[in-house]
Amino acid sequence: MGSKRIGLARMEALMENLKREINMNGAHLKGATGYTGTLVTVSAATATLTQAQDGATVELHRAAGIVVTLPKAAIGTKYSFVVRTECTSNNLQFNCASGDTFSTTSYICQKDRTSAGVANVLKRASSGNTRLNAPGDGTDKTSMIGTYFEMIKVSATEWRVHGHAYIDANGAWAFSTP
């Protein structure tokens with residue numbers, strides 16, 4: 001019996017004309033463009049993320065604030081965060097796991113949504129910072145709808161944060177050490 005080779009164009013045409021779903025058995029496509037992973041909705045006062053949620057988009061849905069704790073994760077672990085409910089009391093807070101810090105290359109770019117005259121402000125982490133905090137007291141809004149950022153584990157002990165925070169004129173995100 002001879003071997004029958006199928007060219008790339010033919011294989012592509014066969015895949016495109018497939019009229020059924022492909023069962024991936026829980027497999028994840030690593031490095032696929034546009035792939036966003038799973039969606040995690042947080043509406044409780046506290047949330048502890050896990051390594052199994054790597055690649056997740058985390059929607060933050062709580063006006064009374066949320067405390068999110070990052071896991072002791074593998075290098076390359078990444079979470080994307082989106083504020084879907086404006087924080088009007090308490091804080092939107094992110095804590096590193098014990099022994100981890102935010103990288104000094106981390107930043108949050110703040111944009112005042114209430115005044116066109118206020119410029120963007122860049123907030124950077126300092127060495128040893130383990131907390132990212134956005135107070136929400138109803139007046140000084142720091143995590144308005146549309147705020148988004150990513151956290152990526154860049155070394156065994158460091159998370160890198162980058163993103164954009166929509167605030168009012170008095171709001172301010174801050175990296176700190178408790």
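Here, the structure is the one placed above.
The structure contained in this document is the topic of the report that follows.

How each quantity is defined
Residues numbered from 1 in each chain as written. Predicted model: local features only at pLDDT ≥ 70, side-chain atom pairs only at ≥ 80, totals over all residues. Heavy atoms only, no water. Helix = DSSP H or I, 4+ residues; strand = E, 2+ residues; numbered from the N terminus. Buried < 20%, exposed > 50% of the residue type's maximum accessible area, 1.4 Å probe, protein only. Contact = heavy atoms within 4.5 Å. Areas by Shrake-Rupley, 256 points an atom, 1.4 Å probe, with all protein chains shown as cover. Phe/Tyr/Trp six-rings, centres within 6.5 Å; stacked < 30°, edge-to-face > 60°. 1 Å grid on protein atoms, 1.4 Å probe; cavity = no way out; pocket = protein on both sides within 12 Å on 5 of 7 lines; lining within 4 Å. Points joined across faces, edges and corners; volume = space filled by probe spheres on them. Nonpolar A, V, L, I, M, F, W, Y, C, P; charged D, E, K, R; others polar. Pairing = 2+ DSSP bridges. Polar contact = N/O pair within 3.5 Å; in protein donor to acceptor, adjacent residues only side chain to side chain.

## Describing the overall build of the protein chain
Working step 1: A count of helical and extended segments in the protein chain gives 1 helix and 13 strands.
Working step 2: The secondary structure elements of the protein chain, listed N-terminal to C-terminal, are α-β-β-β-β-β-β-β-β-β-β-β-β-β.
Working step 3: Looking at the protein chain as a whole, 33% of its 178 residues qualify as buried.
Working step 4: In the protein chain, once contacts between residues fewer than 6 apart in sequence are set aside, the share between residues at least 24 apart is 63%.
Working step 5: When the accessible area of the protein chain is evaluated, it comes to approximately 10,300 Å², of which 53% is carbon and sulfur surface.

## Re unusual backbone geometry
Working step 1: For Asn 90, which is not glycine, the phi torsion reads 60° and is therefore positive.
Working step 2: For Asn 90, a relative accessible area of 53% puts it in the exposed group.

## Quick notes on the packing of aromatic side chains
Working step 1: Within this structure, the stated rule accounts for 6 aromatic pairs.
Working step 2: On the basis of an interplanar angle of 50° and a centroid distance of 6.4 Å, the ring pair of Tyr 79 and Phe 81 is categorised as tilted. For the pair Tyr 79 and Phe 81, a shared accessibility class is recorded, and that class is buried.
Working step 3: With a centroid separation of 5.2 Å and 25° between ring planes, the pair formed by Phe 81 and Phe 149 is classed as stacked. With Phe 81 in strand β5 (residues 78-85) and Phe 149 in strand β11 (residues 148-155), the pair connects residues that are 68 residues apart, well separated along the chain. Each member of the pair, Phe 81 as well as Phe 149, is classed as buried.
Working step 4: By the ring-pair criterion, three or more aromatic residues cluster together here, those being Tyr 79, Phe 81, Phe 94, Phe 149 and Trp 159.

## Re empty space enclosed by the protein
Working step 1: In the structure shown here, the tally under the stated rule is 1 cavity of 30 Å³ or more.
Working step 2: When its volume is computed, the largest cavity comes out at roughly 40 Å³.
Working step 3: Partitioned by chemical class, the residues of the lining of the largest cavity number 5 nonpolar, 2 polar and 1 charged.

## Some details on the pairing of strand β4 (residues 66-69)
Working step 1: On β4, burial follows the alternation: Ile 66 and Val 68 on one face are buried, whereas Val 67 and Thr 69 on the facing-out side are not.
Working step 2: Bridge analysis of strand β2 (residues 46-48) against β4 gives 3 bridges, and the strand direction is parallel. Bridge pairing links Thr 48 to Thr 69 in β4.
Working step 3: Two strands pair when backbone bridges link them, and β4 and strand β6 (residues 91-95) are joined in this way by 4 bridges, in the parallel orientation. Pairing of Val 68 across the sheet is with Phe 94, part of β6.

## With respect to the side chain of Asn 95
Working step 1: Within the element layout of this structure, Asn 95 appears in strand β6.
Working step 2: Looking at Asn 95, the relative accessible area reads 14%, which means it is buried.
Working step 3: Only 3.2 Å separates the side chain of Asn 95 from the side chain of Gln 93, close enough to count as a polar contact.
Working step 4: Every residue in contact with Asn 95, bar those within four places of it in the chain, is listed here: Val 67, Val 68, Thr 69, Leu 70, Thr 130 and Arg 131.

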